[in-house]
Structure formats: structure tokens, C-alpha cells
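Residue-level structural notes
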Amino acid sequence: MVSTNDFKNGMVLDLDGQLWQITWFQHHKPGKGNTVVRSKLKHVLTGKVVDKTFNSDTKVDTATVDRRDMQYLYHDGEAFVFMDNTTYDQMALGEEIVGDAKDYLLENMEATVAIHEGNPLFIEMPASVELEVTYTEPGLQGDRSTGGTKPATLETGKQVQVPLFITTGEKIKVDTRTGEYLSRVSN
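A short tour of the structure in this document, coming up. All figures in this text were calculated on a predicted structure; none of them were measured in a lab.

Rules of the game
- Residues numbered from 1 in each chain as written.
- Predicted model: local features only at pLDDT ≥ 70, side-chain atom pairs only at ≥ 80, totals over all residues.
- Heavy atoms only, no water.
- Helix = DSSP H or I, 4+ residues; strand = E, 2+ residues; numbered from the N terminus.
- Rg over C-alpha atoms; globule rule 2.2 N^0.38 Å.
- Buried < 20%, exposed > 50% of the residue type's maximum accessible area, 1.4 Å probe, protein only.
- Contact = heavy atoms within 4.5 Å.
- Areas by Shrake-Rupley, 256 points an atom, 1.4 Å probe, with all protein chains shown as cover.
- Pairing = 2+ DSSP bridges.
- Axes fitted to C-alpha atoms, helices over the stretch in contact; angles between N-to-C directions.
- Core = buried A, V, L, I, M, F, W, Y, C linked by side-chain atoms within 4.5 Å.
- Salt bridge = Lys/Arg side-chain N within 4 Å of Asp/Glu carboxyl O.

What follows deals with the overall build of the protein chain. For the protein chain, the helix and strand inventory stands at one helix and 16 strands. Against the compact-globule benchmark of 16 Å for 187 residues, the protein chain has a radius of gyration of 20 Å, which places it well outside the compact range. Each of the three principal axes of the protein chain carries a C-alpha extent, and together these read 60 × 50 × 25 Å. By residue count, 39% of the 187 residues in the protein chain fall in the buried class. Considering only residue pairs separated by 6 or more positions, the protein chain has 43% of its internal contacts joining residues 24 or more positions apart. In the form shown here, the protein chain has an accessible surface area of approximately 11200 Å², with 45% of it arising from carbon and sulfur atoms.

Okay, here's the thing in C-alpha cells:
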């Protein structure tokens, strides 16, 4: 049990037997009445996002989620295989669990796998990753950093919008939460 005053982003709640992850919360004091906690909750299994408001200082059940650092090994066509960094046990995860993280995974990359009662729930990626641009149209003379954008294909197959000055073969930093270009990576 945890109080709504102790909410943290990423915390997993057990509401009516369903697991929900807190993606955003805010304490709100209306003009009159008691303080409430507004939140956005993401269903761990389906990915559905809902808004939920709790009275301040309400007790809520939390789920025991074990977060393990794992190394991504390979994709065998059906599952993504990860290795636990402490026990060296391998775990095969389906695409429904890996989700959008597959667009940023390279072999030997570190990721955190959230596990509840022996069942993997989801993957937490770092906030940003560095990936190589495998193809993008060449820029034109006069392109500036404040100009427009163009599509670029990354080494994982993901397409992102990049500034016009980015060329094939460059490494860029990409935000794993939004899929947006962040910066060029200097060697």
C-alpha cells in the first residue's frame, strides 16, 4: 500500500486486479474542497492510457515489480532474447512485451525489463539512444541547422525526421519516448 502523496512516475499500481503504470501525476488544490491527485495511468498489458483522479492521502495497492538490467542479444524472428546481467539467464520476450522499444534495440544494448510474479511486463529503455543513419537523401547547398527536416532510416529500420544537414553514416541521438531527433553525435 502507498499513499497518493507518495506517487512517482513509473510506479506500478494494482487497481482491481489490473496493473497500471503511472506516467504522469499532479497534486491539485481546487478553489474549494479537498486536494486531489490527478494522474495518467497506462495499462501494463494493453497500453491503454486513462485519466484517474484520487483523493489526497488515499491508500492504493502497489504491485511488486522487479526491474532487472538485461542485455539484448538477438531477435530470432519470433522473440527478442535478453540475458540477465547478474544470473546470465536468457529470457525470450514476445513483440507485445517489447513494444516500441524494438525500434531502438541493437545487439548487446542494455535495457531494463520489468517483471511481476515471474512474468515480464514491459521494457524500459534509456531516455535516448545513439543510432547510425543508414539512409537519407543528400542535403542541398545552403541547408542550415534552422531549416526544415527530411526522413532518415536508422540502423534498426526506424524512420525519424532529421535536420537537412544530417548525412548517411552519421550517428544521431534519438529520444526513445517520442522518437524525435535530439542531436548529432560527435566522434
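Now that the structure has been shown, the text picks up again.
The subject of this paragraph is the sheet that holds strand S7 (residues 66-75). Pairing within the open sheet is antiparallel, and its five strands lie in the order S9-S8-S7-S10-S11. The outermost strands of the open sheet, each flanked by one partner alone, are strand S9 (90-94) and strand S11 (119-124). Neighbour-to-neighbour, the strand axes of this sheet turn through a mean angle of 45°, independent of strand direction. Both S7 and strand S8 (residues 79-84) contribute to a ladder of five bridges, which runs antiparallel. When the sheet's bridge partners are listed, Tyr 74 is paired in S8 with Val 81.

A sheet is described by the order of its strands in space; here five strands give the open sequence S14-S13-S12-S15-S16, paired in antiparallel fashion. Every interior strand has two partners, whereas the edge strands, strand S14 (159-163) and strand S16 (181-184), have only one. Neighbour-to-neighbour, the strand axes of this sheet turn through a mean angle of 50°, independent of strand direction. The pairing of strand S12 (residues 128-136) with strand S13 (residues 149-154) spans three bridges and is classified as antiparallel. Within S13, the residue paired with Tyr 135 across the bridge is Thr 153.

So, about the side chain of Thr 112. By secondary structure assignment, the location of Thr 112 is in strand S10 (residues 110-116). Thr 112 sits in the buried class, given a relative accessible area of 17%. Ignoring sequence-local partners within four residues, the contact set of Thr 112 consists of Arg 67, Arg 68, Asp 69, Phe 122, Ile 123 and Glu 124.

Below, the discussion takes up the environment of Gln 21. Locating Gln 21 in the fold gives a position in strand S3 (residues 18-28). Taking the relative accessible area as the measure of exposure, Gln 21 reaches 14% and is therefore buried. Measuring from C-alpha to C-alpha, the distance between Gln 21 and Thr 62 comes to 9.8 Å, with 41 residues separating the pair along the chain.

Attention shifts here to the environment of Ser 39. Tracing the chain through its elements places Ser 39 in strand S4 (residues 36-43). Sequence separation of Ser 39 and Lys 52 is 13 residues, and the distance between their C-alpha atoms is 5.3 Å.

Here the focus is the nonpolar core. In terms of nonpolar packing, the biggest core is built from 28 residues, with Phe 82, Leu 93, Val 98, Leu 105, Ile 123, Met 125 and Ile 172 touching the most fellow members. By size, the runner-up hydrophobic cluster in this structure holds 11 residues, among which are Phe 7, Leu 13, Leu 41 and Phe 54.

Side chains bearing opposite charge may pair, as long as their charged atoms lie close to each other. Inspection of the entire model under this criterion finds six salt bridges. Note that Lys 40 is salt-bridged to Asp 51, the shortest N-O span being 3.0 Å. Of this pair, Lys 40 sits in strand S4 while Asp 51 sits in strand S5 (residues 49-55), placing them 11 residues apart in sequence. For Asp 51, a relative accessible area of 59% puts it in the exposed group. Residue Glu 124 pairs with Arg 67 through a salt bridge whose shortest N-O separation is 2.9 Å. Taken together, the residues span a long stretch of sequence, with Glu 124 in strand S11 and Arg 67 in strand S7 at a distance of 57 residues. Residue classification places Glu 124 among the partly exposed residues on the basis of a relative accessible area of 24%.

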